[in-house]
Amino acid sequence: MFNFNLHAPTKVLFGKDQIAGIAAEIPAEARVLITYGGGSIKRNGVLDAVRKALGDRVVFEFGGIEPNPDYATLMNAANLGLEKQVDFLLAVGGGSVADGTKFIAAAMRFKGDAWEILAKRSVAASLESAVPIGVVLTLPATGSEMNAGAVISRRETGDKLDFHSAHVFPRFAVLDPVTTFTLPERQTINGVVDAFVHTTEQYLTYPVNAKVQDRMAEGILLTLIEDGPKVLAHPEDYDARANVMWAATMALNGFIGAGVPQDWATHMVGHELTAMHGLDHAQTLAIVLPSMLAARREQKREKLLQYAERVWNIREGSEAERIDAAIEATRAFFERMGASTRLSGYGIDASRIEDIVSKLEEHGMTALGEHGDITLDISRKVLLAAA
Ligand code: NZQ
Ligand code: ZN
């Protein structure tokens, strides 16, 4: 196992009616800006519950944060926050709202051009502060509610970039599975796929004898395989929603990734697909992961065999056959969940692959993966195999 420093300071309030608990987490004198997306929280009663819990605090609202939150929108929110002298940000929604709010929090305290927080790793790393954030999560998927990362899009330039800063860890995250009952089917699917791929990015690499992390990762994958189809079939199954919600948080809150190699190549290639073609984040992962695993079967051999046996119970056949079967089982799971695993499934023609490869190059994504050896040529082959 590698050395690691693990810092997971977010307080989790999990379960039914936990939104009321935010009253004890936000200072009574705080000036709060509630940030949200396109309005689902108004329709399903979550906003009402939040406003009730905030009592007579001074509260402002900023709505309209889009899926794959846009830089321009977030700068408007940051300006509103400064104008209203807001000192607490409360993100109510999915990963896009949580991520967007992290960026707003950093931008409000940043002197200079806030785009640099995304464009330059060194700028994000040297951020000195951010406005405190809380999250009321309504879409289990990204893990953003308990981590220090955010992914921001800039439609104007076709970019989708991430930043990380310990200053943007949410102070608390409310995870009430009941809030997820109203998710559209497509978002339920996305959440399960995204959490699954977060787990494989930290698990399907090479062995470092990290038994706890491996078995936690396998537990998350098995839970998603078992309860993913249940939440699709029965959107109001509280127990299944609860298990999927906690699985998604645990997939990207630092625990399974501590002390182990990490890949993230599927995510980096996927981000370009979203930026260029507007696909949902998880749809891009469903396309890229099976082909990526096939292309990396030598480098990932030992972990793929472990995955085959412990997650899919594949014990028969040669090593090559077991690896093939595990990759096929992964693809079949995504398809069974309703996520197409081919570019053609989203109307994207193979002739567009070269543009995606160019964007990877522009963004410096030329040495990806846990070994840093996934070149542009390999990414091209992965996309061609996913056509
Ligand atoms: O905008 P509203 O009206 O709220 O509707 C949203 C949105 O249209 C809807 N929704 C959310 N909760 C709902 C609901 N509808 C009904 N009932 C509810 N309870 O779902 C739609 C999608 O929401 P979004 O927040 O975009 O989805 P998700 O949570 O999948 O977030 C995706 C974003 O997170 C980034 C992605 O790149 C993408 O930009 N990621 C962030 C990560 C992180 N911070 O660590 C890691 C991930 O790998 C990912 O890259
Ligand atoms: Zn993801």
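It should be noted that the structure appears before, not after, this text.
Residue positions are given per chain, counting from 1 as you read along its sequence in written order. Just so you know, chain letters begin at A and ligand numbers begin at 1, following the order they were written in. With pLDDT at 70 or above as the cut-off, local features in this predicted model cover only qualifying residues; side-chain atom pairs require 80 or more to be listed or tallied, and sums for whole chains, interfaces and linings still use all residues. Excluding hydrogens and water, the side-chain values take into account all heavy atoms of the structure.

Oppositely charged side chains can pair when the atoms bearing their charge come close. Should a side-chain nitrogen of Lys or Arg be within 4 Å of a carboxyl oxygen of Asp or Glu, the pair is scored as a salt bridge. The tally for this structure, following the rule as stated, stands at 22 salt bridges. Between K303 and D214 there is a salt bridge; the shortest N-O distance is 3.1 Å. Here K303 is found in helix α12 (residues 301-312), whereas its partner D214 is found in helix α8 (residues 211-233), with 89 residues between them in sequence. Any residue under 20% of the maximum accessible area for its type is buried, any over 50% is exposed, and the rest in between are partly exposed; the area is computed with a 1.4 Å probe on protein chains only. Overall, the relative accessible area of 10% leaves D214 in the buried class. Per the convention used, a helix needs a DSSP run of H or I reaching at least four residues, while a strand needs a run of E reaching at least two, with both numbered from the N terminus.

A separate point is the site of ligand 1. What surrounds ligand 1 is a group of 33 residues, the closest being G38, G95, S96, D99 and H198. For the purposes of these results, a polar contact is taken to be a pair of N or O atoms within 3.5 Å, where, inside protein, one atom must be able to donate a hydrogen and its partner to accept one; residues adjacent in sequence count only when each atom of the pair is a side-chain atom. Between H281 and ligand 1, the recorded distance is 3.0 Å, taken from a side-chain N or O atom to an oxygen atom. Protein chains shield 89% of the accessible area of ligand 1, which is 970 Å² for the free molecule. Side-chain classes follow a simple rule in which Ala, Val, Leu, Ile, Met, Phe, Trp, Tyr, Cys and Pro form the nonpolar group, Asp, Glu, Lys and Arg form the charged group, and the remainder, Gly included, forms the polar group. Considered class by class, the residues forming the shell around ligand 1 number nine nonpolar, 21 polar and three charged. Whether a residue is near a molecule or strand is decided by its heavy atoms; if any one of them lies within 4 Å of it, the residue is near. To measure how exposed things are, a 1.4 Å probe is used in the Shrake-Rupley method; for residues, cover is taken only from the protein chains shown.

So, on to the packing of α8 against helix α9 (residues 238-251). Here, axes are lines fitted to C-alpha atoms. For helices the fit covers the stretch in contact, and angles between N-to-C directions go from 0 to 180 degrees. Two elements in contact, α8 and α9, have axes whose closest approach is 9 Å; the angle formed by their N-to-C orientations is 145°. Here the hand of the crossing between α8 and α9 comes out left-handed. Two secondary-structure elements touch here, α8 through M216, I220, T223, L224, D227, G228, K230 and V231 and α9 through D239, A240, R241, N243, V244, A247, M250 and A251. A breakdown of the residues in the contact of α8 with α9 according to their chemical character gives nine nonpolar, three polar and four charged. Should the near helix be turned counterclockwise from the far one by less than a right angle, the crossing is left-handed, whereas a clockwise turn marks it as right-handed. By the convention used here, residues are in contact when the closest approach between their heavy atoms is within 4.5 Å.

Distances decide who is a donor: an N, O or S atom must be within 2.8 Å of the metal, or within 3.2 Å for Na, K and Ca. Water is not included, so sites may look incomplete. Every protein donor of the zinc ion (ligand 2) is listed here as D194 (OD), H198 (NE2), H267 (NE2) and H281 (NE2), and their distances to the metal cover 2.0 to 2.1 Å. Overall, the relative accessible area of 2% leaves H198 in the buried class.

In this section: the packing of α12 against helix α13 (residues 319-337). At a minimum axis separation of 9 Å, α12 and α13 run at an interaxial angle of 60°. Classified by the interaxial angle, the pair formed by α12 and α13 is oblique. You can see that α12 and α13 cross each other, and the crossing is left-handed. For the pair α12 and α13, contact is made by R301, L304, L305, Y307, A308 and W312 and by E319, R322, I323, A326, A329, T330, F333 and R336, respectively. Each angle is binned into one of four classes, with values under 35 degrees roughly parallel, values over 145 roughly antiparallel, values of 65 to 115 roughly perpendicular, and all other values oblique.

Any link to function would need more than the numbers given here.
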